[in-house]
Amino acid sequence: MVVRVDRDRCIGSGMCAISVPAALALGPDGLARPLAGYASGGAELTPELAEAVEFCPVEALVLHSARGGHRIAPAE
Ligand code: SF4
């Protein structure tokens, strides 16, 4: 699974970085970015990560399958 951040949408609220610090952090520009394993695939989808995606206030977080690239969440 891969985490992607839509940087045109992210408003840098930091909610995702607080709730899943192993997966997401705020970069120097103040916007969220996925950490190593989550940016390149192979990371497990945890309930905490699923919640962070669900509760991002601007729907900037998207989960994709590392195999095939299809979108896992949020639903379109
Ligand atoms: S919760 Fe959404 S808006 Fe807030 S920092 Fe994370 S990706 Fe950006």
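Definitions and cut-offs
- Along each chain, residue indices are assigned from 1 in the same order as the chain's sequence is written.
- Only residues with pLDDT of at least 70 get local features here, since the model is predicted, and only at 80 or more are side-chain atom pairs given and counted; chain-wide, interface and lining totals rely on the full set of residues.
- Side-chain numbers come from the whole structure's heavy atoms, not from hydrogens or water.
- UniProt positions are given in the numbering used here, feature names are shortened, and annotations may be inferred rather than shown by experiment.
- Proximity is defined per residue: if any heavy atom of the residue lies within 4 Å of a molecule or strand, that residue is considered near it.
- Site definitions follow a grid-based scheme: protein atoms alone, a 1 Å grid, a 1.4 Å probe that fits but cannot get out for cavities, and for pockets an open set with protein on both sides within 12 Å along at least five of seven lines, plus lining residues having an atom within 4 Å of a point.
- For this analysis, a molecule is said to be in a pocket or cavity if more than half of its atoms are within 2 Å of the grid points defining it.
- For this classification, Asp, Glu, Lys and Arg are treated as charged, while Ala, Val, Leu, Ile, Met, Phe, Trp, Tyr, Cys and Pro are nonpolar and the rest, including Gly, are polar.
- Whether a residue is buried, partly exposed or exposed follows from its accessible area with a 1.4 Å probe, protein chains only, as a fraction of its type maximum: under 20%, in between, or over 50%, in that order.
- Segments assigned H or I by DSSP are reported as helices when at least four residues long, segments assigned E as strands when at least two residues long, and all are numbered from the N terminus.
- Criterion used throughout: strands pair if DSSP finds at least two bridges between them.

If you check an unreviewed UniProt entry, the protein appears there as Ferredoxin from Streptomyces rubellomurinus. Per its UniProt entry, the protein bears the Function (unreviewed entry) comment "Ferredoxins are iron-sulfur proteins that transfer electrons in a wide variety of metabolic reactions." Here the protein is described in UniProt, under the heading Cofactor (unreviewed entry), as follows: "[3Fe-4S] cluster".

Draft legend 1. Layout of the site of the ligand. Residues in contact with the ligand amount to 14 residues; listed here are only the nearest, C10, S13, G14, C16 and C56. A majority-of-atoms criterion places the ligand in the largest pocket. Of the residues assigned to the shell around the ligand, the class counts are eleven nonpolar, three polar and no charged.

Draft legend 2. Representation of the pairing of strand β4 (residues 61-64). Covered by surrounding structure in β4 are L61 and L63 together with V62 and H64, the residues of both alternating faces. By the bridge criterion, four bridges tie strand β1 (residues 2-5) to β4 in an arrangement that is antiparallel. When the bridges of β4 are listed, V5 appears paired with L61. Where β4 meets strand β5 (residues 71-73), two bridges bridge the pair, whose relative direction is antiparallel. Counterpart to L63 in the pairing with β5 is A73. The hairpin formed by β4 and β5 contains six residues between the paired strands, and G68 there has a positive phi angle of roughly 95°.

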